[in-house]
Amino acid sequence: MPNRRHVASSVASNGNSSHTANRSVPLSKRLLFPTTPASSFELPPLLLNPSISPEFNAELYDFIALALRAFVQPWWTKITRYDKEFLPIITGILTHVFRTLEDRLAKARQRGDLAELVFKNVPTVITQHYRDFRLAQSKLTSSYAAGGALSIQTLFHASQSHMAIKAGGEIDLDYVRFLVDHILKTCLPKEDWNPEAERLIVREIIVKIVVQDILGKITQPWFIEKMILEQLMNIPSTKPKVAVPPSNGFSMHTLLVFVLTMIQSISGVCLALVHAYRQLIVTIREVNQHSSMIETAPTYTLDPLLHNPPPPSLPVETDPLLISRTSSNRSASSLKPSISSSSLDSSSGDPSSSEEEYHDTDYPHDYTTYSLLMLAEIFTTNTRFASNTILGTVGMATSQGVAGRWLDKFLPYLLTRTLSISLMQNITRTAKHTLFPNGYPAPPPIDPTAEEQAETRRRLVGFLDGDALAPLLLGPNPSDTISTALEPLESRECNVHLIMLLLDQIMGVLFPELFKGT
């Protein structure tokens, strides 16, 4: 009898120790690398960049493991409970996909396409969206709307027709299937691309997630307004907190405190200027080094206004931003875009003629001009003298001479510093805790009610109330200007056009072969 108790206690202790050992092993190791011994286990690098930290690598593997455990393992264990090779195979495929996308993103950054996307193409698409929406809005009471029978969505669709969008604002699934097919063909290993059944299943799953779950959410007006409000709330307040000292009358002590406070303030300002000067010297040196490292390569960026160039919001001779662009004495021969109408006309149907290599440093980019034009269109600064003068002066100062050339180098450098590995790690960690708060998928969020949506818009419209500088740029009633700026984003059908054009821009950067010869 004592021997049996001893055997039972030893078995229980062994079971508890093995259970504790399994809990100490990371989930990514237990699911994704089940055959590797735990004693000599080390996560292999998921990405090719040697500067990826082990912590970021572990975060990526944890996210993959949680996703596979939540969405793949439940139905796979019903088919077979003993096969542990399926999840490692999926991990190998995902590793190949991530490395392919990483390589394409690095090449796009070296070509300068990433900076063109952020500072030129995206502002141009947003500017065109606002112009077309307000043009359709002005036609509602005219004969163009058939006496008011046509809605603003119909008029907007007529001015921004897209092969992927139907008249009612629905997305054509065949267009998304074509894009997903090309992504799979480029990123998947050949042995996983060849089986048609596997390829179609993966494609339909991705199409459903993209069209219904992602695009169906981000095109909602309340979602856009909520994201804008959250980003504005994260900006630290710049209003100084002034402490009012108690008034006890004049005394030598008060005068001495005042003098010492002024000396301290002046010394603090001088130290800040010295630090800013040193930081500026370091930044200029890093910007020059960054620009010299960018390799020249052919680019195939999609110009969203190539097929339908819009008229300027003001005549050329009266718009100060456009005057600043045309008065810089830049000849047309020095402007060599990636794909222009002249190169298309001269190609005569020969795709190889559009593959001429252009050097990004041979012509100015005017990155700041596109962003300023976007701000002018969103906030209608051309209708107010003060804001028009301020924005025009900034445009002339930043698009000409040494300042314009330096900003064309500084903005890509700033983009590279912003899209750092630490930012990607924070995004991955935040996405993991948001999607899997307890290690399993969180319940889907409930869409806000009409009252909650109205409250979000009210807070966003009144965000700058009481700001002393807001009337200079937004007019005497900043809330009215912000409300007008939000109107082009308050139609889901119109937002679909905006999102699809932005998706085309992103695809053109990561997969330029899609637009080769177009």
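Source: prediction; values computed, not measured.

Caption draft 1: Spotlight on helix α21 (residues 478-486). Among the residues of α21, P478, T481, I482, S483, A485 and L486 are the ones counted as buried. Tucked into the core, α21 has its buried residues touching α6 (113-138), α11 (221-233), α15 (367-378), α19 (450-461) and α20 (470-474).

Caption draft 2: Layout of the pattern of salt bridges. Tallied over the entire structure, the rule returns 19 salt bridges. For D181, the salt bridge goes to R203, with nearest N and O atoms at 3.1 Å. Of the two residues, D181 is situated in helix α8 (residues 173-187) and R203 in helix α10 (residues 196-218); the sequence distance between them amounts to 22 residues. Where K208 meets D213, a salt bridge forms, and the shortest distance between an N and an O atom there is 3.4 Å. Linked through salt bridges whose partners overlap, the residues forming this network are D174, R177, D181, R203 and E204.

Caption draft 3: Here's a closer look at the packing of aromatic side chains. In total, this model carries 11 aromatic pairs according to the counting rule given. One aromatic cluster is present, formed by F63, F71 and F436 through successive ring pairs. Here K139 stacks its cationic end above the ring of Y144, 4.8 Å away from the centre of that ring.

Caption draft 4: The arrangement of the packing of α11 against α19 in detail. Remark: α11 packs on α19, axes separated minimally by 10 Å, with the N-to-C direction vectors making an angle of 45°. Classed by the angle they form, the pair α11 and α19 counts as oblique. Remark: the crossing between α11 and α19 carries left-handed chirality. Within the contact between the two elements, α11 uses W222, E225, K226, I228, L229, L232 and M233 and α19 uses Q453, T456, R457, R459 and L460. The class makeup of the residues in the contact of α11 with α19 is six nonpolar, two polar and four charged.

Caption draft 5: Region of interest: the confidence of the model for the chain. The share of residues in the chain with pLDDT of 70 or more is 77%, and the mean pLDDT across the chain is 77. Of the regions scoring below 50 in pLDDT, residues 240-244 engages in zero contacts with residues more than four places distant in sequence or in other chains. Contacts for the low-pLDDT stretch residues 295-362, under 50 throughout, to residues beyond four places or in other chains number 103 contacts.

The rules behind these values
- Residues numbered from 1 in each chain as written.
- Predicted model: local features only at pLDDT ≥ 70, side-chain atom pairs only at ≥ 80, totals over all residues.
- Heavy atoms only, no water.
- Buried < 20%, exposed > 50% of the residue type's maximum accessible area, 1.4 Å probe, protein only.
- Helix = DSSP H or I, 4+ residues; strand = E, 2+ residues; numbered from the N terminus.
- Contact = heavy atoms within 4.5 Å.
- Salt bridge = Lys/Arg side-chain N within 4 Å of Asp/Glu carboxyl O.
- Phe/Tyr/Trp six-rings, centres within 6.5 Å; stacked < 30°, edge-to-face > 60°.
- Lys NZ or Arg CZ within 6 Å of the ring centre and 35° of its normal.
- Axes fitted to C-alpha atoms, helices over the stretch in contact; angles between N-to-C directions.
- Parallel < 35°, antiparallel > 145°, perpendicular 65-115°, else oblique.
- Left-handed = near helix turned anticlockwise from the far one by under 90°.
- Nonpolar A, V, L, I, M, F, W, Y, C, P; charged D, E, K, R; others polar.
- pLDDT = per-residue confidence, 0-100.

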